[in-house]
Amino acid sequence: MTSIDLLQTLIQRAKAAGADAADAVLISGTSLSVARRLGKIEHLERAEGRDLGLRVFVGRRAAIVASSSVDPAGFATLAERAVDMARVVPEDPYAALADEARLEAVELDLDDPAEPDAAALIARAAIAEEAALAVRGITNSEGAEAGYGRTEITLVTSAGFAGRYARTSHSLSAVALAGSGTGMQRDYDYTSAVHLADLEDPEAIGRSAGNRAIARLDPIRAKTGTVPVIYDPRVSAGLIGHLASAINGASVARGTSFLREKMGQQIFRPGITITDDPRRLRGARSRPFDAEGVPTAPLVLVEDGVLRSWVLDSRSARQLDLRTTGHASRGTGGPPSPGTTNLFLAAGSVSPAELMADIKEGLYVTELIGMGINGLTGDYSRGAAGFMIRDGKLAEAVAEVTIAGTLQEMFTMMTPANDLVFRRGTDAPTVRIDAMTLAGA
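What counts, and at which threshold
Residues numbered from 1 in each chain as written. Predicted model: local features only at pLDDT ≥ 70, side-chain atom pairs only at ≥ 80, totals over all residues. Heavy atoms only, no water. Helix = DSSP H or I, 4+ residues; strand = E, 2+ residues; numbered from the N terminus. Rg over C-alpha atoms; globule rule 2.2 N^0.38 Å. Buried < 20%, exposed > 50% of the residue type's maximum accessible area, 1.4 Å probe, protein only. Contact = heavy atoms within 4.5 Å. Areas by Shrake-Rupley, 256 points an atom, 1.4 Å probe, with all protein chains shown as cover. Lys, Arg positive; Asp, Glu negative; His and termini not counted. Charge placed at Lys NZ, Arg CZ, Asp CG, Glu CD. Pairing = 2+ DSSP bridges. Axes fitted to C-alpha atoms, helices over the stretch in contact; angles between N-to-C directions. Phe/Tyr/Trp six-rings, centres within 6.5 Å; stacked < 30°, edge-to-face > 60°. Parallel < 35°, antiparallel > 145°, perpendicular 65-115°, else oblique. Left-handed = near helix turned anticlockwise from the far one by under 90°. Nonpolar A, V, L, I, M, F, W, Y, C, P; charged D, E, K, R; others polar. 1 Å grid on protein atoms, 1.4 Å probe; cavity = no way out; pocket = protein on both sides within 12 Å on 5 of 7 lines; lining within 4 Å. Points joined across faces, edges and corners; volume = space filled by probe spheres on them.

S.K.: In this structure, what is going on with the overall build of the protein? I would like to understand it.
M.R.: A count of helices and strands for the protein gives 9 helices and 19 strands. Against the globule reference of 22 Å for 441 residues, the protein gives a C-alpha radius of gyration of 24 Å, in line with a compact fold. The C-alpha extent of the protein, read off along each of the three principal axes, is 70 × 55 × 35 Å. A total of 441 residues make up the protein; the buried ones form 50% of that total. Across the protein, the fraction of contacts at a sequence separation of at least 24, relative to all contacts at a separation of at least 6, is 72%. Accessible surface computed for the protein: about 19000 Å², of which carbon and sulfur atoms make up 50%. Across the protein, 46 positive and 55 negative side-chain charges occur, with their mean positions spaced 2 Å apart.

S.K.: Would you mind going over the sheet that holds strand E2 (residues 40–58) with me for this structure?
M.R.: Each strand in a sheet pairs with another by means of backbone hydrogen bonds, the pair being arranged parallel or else antiparallel. With antiparallel pairing, the 6 strands of this open sheet are ordered in space as E3-E2-E1-E4-E5-E6. Unpaired on one side and paired on the other, strand E3 (61–67) and strand E6 (185–193) mark the two borders of the sheet. In this sheet, adjacent strand axes meet at a mean angle of 20° when their direction is disregarded. The sheet contact formed by strand E1 (residues 21–37) and strand E4 (residues 138–157) spans 14 bridges and is antiparallel. Its bridge partner being in E4, Ser31 is matched across the sheet by Gly149. Along the sheet, helix H2 (residues 75–86) contacts E2 and E3; its crossing angle with E3, the most-contacted strand, is approximately 145°. The sheet strands contacting helix H3 (residues 118–133) are E1, E2, E4 and strand E5 (162–178), and the helix crosses E4 at an angle near 140°.

S.K.: Please clarify how the packing of aromatic side chains should be interpreted in this entry.
M.R.: Where two aromatic rings form a pair, the distance of their centres and the angle of their planes describe that pair. All chains considered together, the criterion is met by 6 aromatic pairs. Each ring, one from Tyr165 and one from Phe289, has its centre 5.3 Å from the other, and the planes form 80°; the classification is edge-to-face. Taken as a pair, Tyr165 in strand E5 and Phe289 in the loop between strand E8 (274–276) and strand E9 (299–303) lie far apart in primary sequence, 124 residues in all. For Tyr165, a relative accessible area of 11% gives the class buried. Arranged with centres 6.4 Å apart and planes meeting at 35°, the rings of Phe258 and Phe411 form a pair that is tilted. Separated by 153 residues along the polypeptide, Phe258 in the loop between helix H6 (249–254) and E8 and Phe411 in helix H9 (residues 407–412) bring together distant segments of the chain. In this structure Phe411 comes out as buried when scored by relative accessible area, which is 1%.

S.K.: What's the story with the packing of helix H1 (residues 3–16) against H2 in this structure? I'm lost.
M.R.: Between H1 and H2, the least distance of the axes is 8 Å, while the angle of their chain directions is 50°. One finds that H1 runs oblique with respect to H2. Every pair of crossing elements has a handedness; the one defined by H1 and H2 is right-handed. Residue-level inspection shows Leu6, Thr9, Leu10, Arg13 and Ala14 of H1 in contact with H2, the latter providing Phe75, Ala76, Leu78, Ala79 and Val83. Considered class by class, the residues forming the contact of H1 with H2 number 8 nonpolar, 1 polar and 1 charged.

S.K.: Help me out: how do you make sense of the pairing of strand E7 (residues 225–231) in this one?
M.R.: Every other side chain in a regular strand lies on the same face of the sheet, so the side chains alternate between the two faces. Judged by how many residues are buried, E7 sits mostly within the fold: 5 of 7 residues are covered. Two elements, E7 and strand E19 (residues 431–439), share 6 bridges in a ladder whose sense is antiparallel. When the bridges of E19 are listed, Val229 appears paired with Ile433. Sheet analysis places E7 next to strand E14 (residues 361–373), joined by 3 bridges and oriented parallel. Its bridge partner lying in E14, Ile230 is registered against Tyr364.

S.K.: I'm lost on empty space enclosed by the protein in this one. Help?
M.R.: Empty space among the atoms becomes visible once a probe the size of a water molecule is rolled across them. Counted according to the given criterion, the structure contains 1 cavity of 30 Å³ or more. Each pocket or cavity is described by its volume, and for the largest cavity that value is around 30 Å³. Every residue along the wall of the largest cavity is listed here: Gln185, Arg216, Pro219, Ala385, Gly386, Ala397, Val398 and Ala399. Those elements that place two or more of their residues in the lining of the largest cavity are strand E15 (379–390) and strand E16 (393–406).

Written out as structure tokens, the structure reads:
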């Protein structure tokens, strides 16, 4: 039985049990990971699993059951349990299958046939760790990790949708330590890709982790004041993530977003474009359809600084009297909810060096700590570490400081550099915020 056949059988059982409509998702995964520290293998794990989720509708009532068993002999019992649950829960006027669900033929090149064995992952981790340890001044290692995974997602609905896709992932990371005692500093680097051919060189990853750790030695606590702040690409993506949370359709419908009244208004500087592209070839979160079977498509969220769209699934779209944007996400144990895929801030026109050239004194942030973000008011306060900027150049390391502002003001003062690289599901280039409160010594 194929995965689609299995889910079609489950849907039939749900209809026979009294469901007016239903959908089912099957997530199958295989992973292999290895961790190496100071020349010894500390962890080697292979995992395989299949998880099943069934959602049923009885009128406007909906319920979900999940199971790790995909034996058709138990489908009738599973379906009956879900229908019994649906009959006793409150009505939800917005609960229904997505009307826009349909299957489109699209090739996103997400399934890499190259599956590494344990020996290959161990070798990859060894190269990265040895490169980190070879950096002068590195005194210890927290190790290197290499991994591989493949996930297959199948979705079937009682309205006739049936689709599946698979996505692979390859990853490598290294963590190095410099100094000793209370003066010890750590840093890391990593790479991940859908295809092994796109993974960065292990030696370069290790060497970068070592050099980053060395650079963080002997940090100071900067003086309190208002300064320009530059976000390294490792942390600038978080700013776009905060935007994604604020324009999530569920938050907007609940009235809990600080941007809930800002549709069609200028919230960034002119020239700023932010896009979600679920159909990027080999994208980290690419997919041909969303968790409700709605075809995906690139979506411009911010155009020339103006907010153009919420991120919607079918339920939040009905609440807002709009149409879904094809951004439903779902596991097996919960209902669909809105979520971004390959979200990115478009690159600007200046280099990172040019972005900071006129800064007499500022802060270059490479690490953020804590989650002091208020989604209702936009207030922003996070611990930070990085480097001082003096006369347009990076200077001494900085630690134990806090940067604060409001996201509304930060968005209007944001300038991106030209160094955008797609490495995660949410990406941004180096970003400058013209003025933030820095709390230090």
